[in-house]
Amino acid sequence: QLFSDWIVTMAYVGSGGNHLFIQNELDPAIYGKAGATVNARRRLAPNYTSIVDMLSVGNSSYNALQITANKRFHHGFTVLMNYTWSKSIDEGSADGSQASNPFNIRADRGLSEFDIPQRFVTSFVWQLPGVTNHGALARWVAGGWEMNGILTLQSGGPFSVVSGVDNSQSAINLDRANLTGDAQLSGGRSKARTLREYFNTAAFTVNPPGTFGNAGRDILRGPGVANLDFGAIKNFQVRERYKAQFRAESFNLFNHANFGNPNANVSSPNFGIITSTSGAAAGSPRVIQLALKFIL
């Protein structure tokens, strides 16, 4: 406890998962094997075609430092702040994720699709002090206001750079690209340049034939999120028994553009280009809504 109305909490949170489901191809096509079709090149051809197995061999780990600060309601003001610094690792983030390399499931071990290393969220409620030294009309208009808001700041999510072609000839079509240089670009670039080339596309090439690509899973991270939702509420005392409430609420108050991940397919003409906003609610443009409610 800090002062009379502040509570600060720090915690370490860790969790691990074992025997998680991963989908793997047990009869992949073999690179260089003679055959006019994919099925003719499979390991167990001609007796079998695709054999998909659900293996409970996946693992996951999550470690986080969580800090919470809470100012209890005092003098018409309260605030709740949360900060999380974390890391999540697995071989597949969805139940039954497909292994990209059927001969080495562990090659997919990397950051979880939902890994957000840093996230800060704060919410507040502020009841503005009333007007006492003015006339009744001024007190009726200026008094009874309440402000509230939610601010979210967080890192972007990870993504993998894929080849876009089945150069491994495994018939799985999940080959990743080859990393040949530094994928990071210098900071200080304009928004337009960042949208046109979010990362160094020259650092990636299509994987050579017979390989699955040497670029790891989820080695790059997309744009972060910054969003403020804000509301103003005014309560009117109409009569002794009746009240009216006016609400003005804005989602993404500053109309900040939160972008989605770039195109990460080496074979795509849009490789490295950001063409969408975030799939989360924070990716929406500013929305303002007004409401009037009578309370009997």
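Residues numbered from 1 in each chain as written. Predicted model: local features only at pLDDT ≥ 70, side-chain atom pairs only at ≥ 80, totals over all residues. Heavy atoms only, no water.

## A word on the overall build of the protein
Part 1 of the reasoning: A count of helical and extended segments in the protein gives two helices and 14 strands.
Part 2 of the reasoning: Counting only C-alpha atoms, the protein reaches 95 × 40 × 40 Å along its principal axes. (Helix = DSSP H or I, 4+ residues; strand = E, 2+ residues; numbered from the N terminus.)

## Remarks on the nonpolar core
Part 1 of the reasoning: By size, the foremost hydrophobic cluster in this structure holds 12 residues: F159, V161, A177, A183, F199, A203, F204, A215, L220, A264, V266 and F271.
Part 2 of the reasoning: Once residues within four sequence positions are removed from consideration, A264 is found in contact with F159, S160, V161, V162 and F271. (Core = buried A, V, L, I, M, F, W, Y, C linked by side-chain atoms within 4.5 Å. Buried < 20%, exposed > 50% of the residue type's maximum accessible area, 1.4 Å probe, protein only. Contact = heavy atoms within 4.5 Å.)

## Looking at the pattern of salt bridges
Part 1 of the reasoning: In the structure shown here, the tally under the stated rule is nine salt bridges.
Part 2 of the reasoning: D5 is the salt-bridge partner of K71, the closest N and O atoms lying 3.2 Å from each other. With K71 in strand β2 (residues 52–74) and D5 in the segment before β1 (6–25), this residue pair connects regions lying 66 residues apart in the sequence. The same class applies to K71 and to D5, which are both buried.
Part 3 of the reasoning: Salt-bridge contacts for D90 lead to R217; the nearest nitrogen and oxygen are separated by 2.8 Å. One end of the pair, D90, is in strand β3 (residues 77–90); the other, R217, is in the loop between β10 (204–205) and β11 (220–221), and 127 residues separate them in sequence. (Salt bridge = Lys/Arg side-chain N within 4 Å of Asp/Glu carboxyl O.)

## So, the packing of aromatic side chains
Part 1 of the reasoning: Inspection of the entire model under this criterion finds six aromatic pairs.
Part 2 of the reasoning: Relative to F230, the ring of F124 lies with its centre 6.5 Å away and its plane at 40 degrees, an arrangement referred to as tilted. Taken as a pair, F124 in strand β6 (residues 118–127) and F230 in strand β12 (residues 225–237) lie far apart in primary sequence, 106 residues in all.
Part 3 of the reasoning: By relative accessible area, which is 27% here, F230 ends up partly exposed.
Part 4 of the reasoning: Geometrically, the ring pair formed by F199 and F204 is edge-to-face, given 5.7 Å between the ring centres and 85 degrees between the ring planes. (Phe/Tyr/Trp six-rings, centres within 6.5 Å; stacked < 30°, edge-to-face > 60°.)

## Examining the layout of surface pockets
Part 1 of the reasoning: Considering only enclosed or pocket space, the largest pocket measures out at about 260 Å³ in volume.
Part 2 of the reasoning: Together, 15 residues line the largest pocket, and Q98, E113, S160, R176 and R217 are the ones closest to its centre.
Part 3 of the reasoning: Classifying every residue of the lining of the largest pocket gives three nonpolar, six polar and six charged. (1 Å grid on protein atoms, 1.4 Å probe; cavity = no way out; pocket = protein on both sides within 12 Å on 5 of 7 lines; lining within 4 Å. Points joined across faces, edges and corners; volume = space filled by probe spheres on them. Nonpolar A, V, L, I, M, F, W, Y, C, P; charged D, E, K, R; others polar.)

## Some remarks on the pairing of strand β7 (residues 145–154)
Part 1 of the reasoning: By the bridge criterion, nine bridges tie β6 to β7 in an arrangement that is antiparallel. Within β7, the residue paired with F124 across the bridge is G149.
Part 2 of the reasoning: Of the pairings in the sheet, the one linking β7 to β12 comprises 10 bridges and is antiparallel in character. The residue bridging E146 from the neighbouring strand is I233, located in β12. (Pairing = 2+ DSSP bridges.)

## Describing a nonpolar patch on the surface
Part 1 of the reasoning: On the surface, a cluster of nonpolar side chains totalling about 590 Å² of accessible area is made up of V238, Y242, L292, F294 and L296.
Part 2 of the reasoning: Relative to the helices and strands, L292 is located in strand β14 (residues 287–295). (Patch = residues over 30% accessible without salt bridge, like charges linked within 9 Å, V, L, I, M, F, W, Y side chains within 5 Å. Areas by Shrake-Rupley, 256 points an atom, 1.4 Å probe, with all protein chains shown as cover.)

## Some thoughts on the pairing of strand β13 (residues 243–251)
Part 1 of the reasoning: As judged from the eight bridges shared by β12 and β13, these two strands associate in the antiparallel manner. Paired with K234 across the bridge in β13 is F246.

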